[in-house]
Amino acid sequence: MTDAIRPLIAGNWKMNGLKSSLAEFEAMLAGASDGAAKADLLVCPPATLIADFAQKARGSKTLSVGAQDCHAKASGAHTGDLSAEMLADAGARAIIVGHSERRADHGETDVEVRQKAEAAWRAGLTGIVCIGETQHQRDQGQTLDICRGQLNISVPDGSRSDNLVVAYEPVWAIGTGLTPTTGDVEQIHGFIRELLIARFKGEGTRIRILYGGSVKPSNAAELMAVSNVNGALVGGASLKAADFLAIARGCP
């Protein structure tokens, strides 16, 4: 954890959740409001639930609602897509862009990811830019090169601590139960911090860097204690209030 940076625990629900999930979200709100959480909390449900969740979270000082993706343009003939402005109108406060599943399933490029981050800014939202290497790239010793390339292109100019969050997610660790060693995480997060400082100077010292990839209550405290880990992007464990809040309590 980096001194003076309040951690962020962001939950990516992916393609999970129905209206019946509102009770689980309400439990997260209750846990956040009773002072149990040591971090800012963000829940990114499917777009169908954003408005309902945001209505419930209105007035919360700890927990907010985000989105999992957006289109780069504000409006137009893009059937099935949602603009950042639409998501903001529904109550989202942040948007995840460039998640590895979007990059793999939809062929999103670094340039497209940057354009989506800029769209989030255009709508007054925070962009959470995801980067990370595959197992093959890791085996080839390309982790730092891949992270550098994705960060340099996917992260827009003008990034600040109040409009950008970077999430490092080793693709091979997402949903597999595998995690890098704390030494690996410290090396990569330190490398990302150096790149942010070199590009954004003082702002680079304050931009939050999240770790993502099989984060769960049993390993959260160990991961959150690593230098330059300023929170987590959580997948499956964010679907249950008890697990999500336990991860937040793991923050120093």
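Residues numbered from 1 in each chain as written. Predicted model: local features only at pLDDT ≥ 70, side-chain atom pairs only at ≥ 80, totals over all residues. Heavy atoms only, no water.

*Asks:* Give a detailed account of the pattern of salt bridges, specifying residues and quantitative values.
*Replies:* In total, this model carries 17 salt bridges according to the counting rule given. Salt bridges sharing partners connect three or more residues here, namely Asp69, Arg102, Glu108 and Lys116. (Salt bridge = Lys/Arg side-chain N within 4 Å of Asp/Glu carboxyl O.)

*Asks:* I'd like a description of helix H10 (residues 241–249), backed by residues and values.
*Replies:* Within H10 the residues assigned to the buried category are Ala241, Phe244, Leu245, Ile247 and Ala248. Angular distribution of buried residues about the axis of H10 spans 155°; they occupy a single face of the element. Packing partners of the buried residues in H10 comprise strand S1 (8–12), helix H1 (22–33), strand S2 (40–44), helix H9 (217–224) and strand S8 (231–234). (Buried < 20%, exposed > 50% of the residue type's maximum accessible area, 1.4 Å probe, protein only. Helix = DSSP H or I, 4+ residues; strand = E, 2+ residues; numbered from the N terminus. Arc of directions from axis to C-beta. Contact = heavy atoms within 4.5 Å.)

*Asks:* A description of the nonpolar core should follow, citing residues and the corresponding values.
*Replies:* By size, the foremost hydrophobic cluster in this structure holds 64 residues, and its most contacted members are Ile9, Phe25, Leu63, Ile95, Val166 and Ile192. Considering every element that reaches this core, the biggest residue donor is helix H8 (residues 182–200), with 7 residues. Setting aside residues up to four positions removed in sequence, Val166 forms contacts with Val129, Ile131, Leu151, Val155, Ile192, Leu196, Ile207, Arg208, Ile209 and Leu210. (Core = buried A, V, L, I, M, F, W, Y, C linked by side-chain atoms within 4.5 Å.)

*Asks:* Can you lay out the environment of His78 for me, pointing to particular residues and giving the numbers?
*Replies:* Tracing the backbone through its elements, the reader meets His78 in the loop between strand S3 (63–67) and helix H3 (84–90). Residue class for His78 comes out partly exposed when judged on its relative accessible area of 28%. The contact partners of His78, leaving out residues within four places of it in the chain, are His71 and Lys73. In terms of polar contacts, His78 uses its side chain to reach the side chain of His71, at 3.4 Å. (Polar contact = N/O pair within 3.5 Å; in protein donor to acceptor, adjacent residues only side chain to side chain.)

*Asks:* Tell me about the layout of surface pockets, residues and numbers included.
*Replies:* Put simply, the largest pocket is a space of about 550 Å³. Lining the largest pocket are 22 residues, and of these Lys14, Gln68, Asp69, Arg102 and His106 lie nearest its centre. Elements with a minimum of two residues in the lining of the largest pocket: helix H2 (47–57) and helix H4 (100–106). Class assignment for the residues of the lining of the largest pocket results in 10 nonpolar, 6 polar and 6 charged. Here the second largest pocket defines a volume of roughly 370 Å³. As for the second largest pocket, its lining consists of 18 residues, of which Asp40, Ser64, Arg93, Thr126 and Arg208 are closest to the centre. At the level of elements, S2, S3 and strand S5 (126–131) are the ones that each hand at least two residues to the lining of the second largest pocket. Considering each element in turn, the lining of the second largest pocket owes the most residues, 3 residues, to S2. Partitioned by chemical class, the residues of the lining of the second largest pocket number 7 nonpolar, 6 polar and 5 charged. (1 Å grid on protein atoms, 1.4 Å probe; cavity = no way out; pocket = protein on both sides within 12 Å on 5 of 7 lines; lining within 4 Å. Points joined across faces, edges and corners; volume = space filled by probe spheres on them. Nonpolar A, V, L, I, M, F, W, Y, C, P; charged D, E, K, R; others polar.)

*Asks:* Tell me what's going on with the packing of aromatic side chains, and back it up with residues and numbers.
*Replies:* The tally for this structure, following the rule as stated, stands at 3 aromatic pairs. Where Trp13 meets Phe53, the ring centres are 5.4 Å apart and the plane angle is 85°; that geometry is what we call edge-to-face. Placement of Trp13 in the loop between S1 and H1 and of Phe53 in helix H2 is noted, with a sequence separation of 40 residues between them. The burial state of Trp13 is the same as that of Phe53; both residues are buried. Judged by relative accessible area, Phe53 falls into the buried class, the value being 1%. Among the aromatic residues, those joined into a cluster by ring pairs are Trp13, Phe25 and Phe53. (Phe/Tyr/Trp six-rings, centres within 6.5 Å; stacked < 30°, edge-to-face > 60°.)

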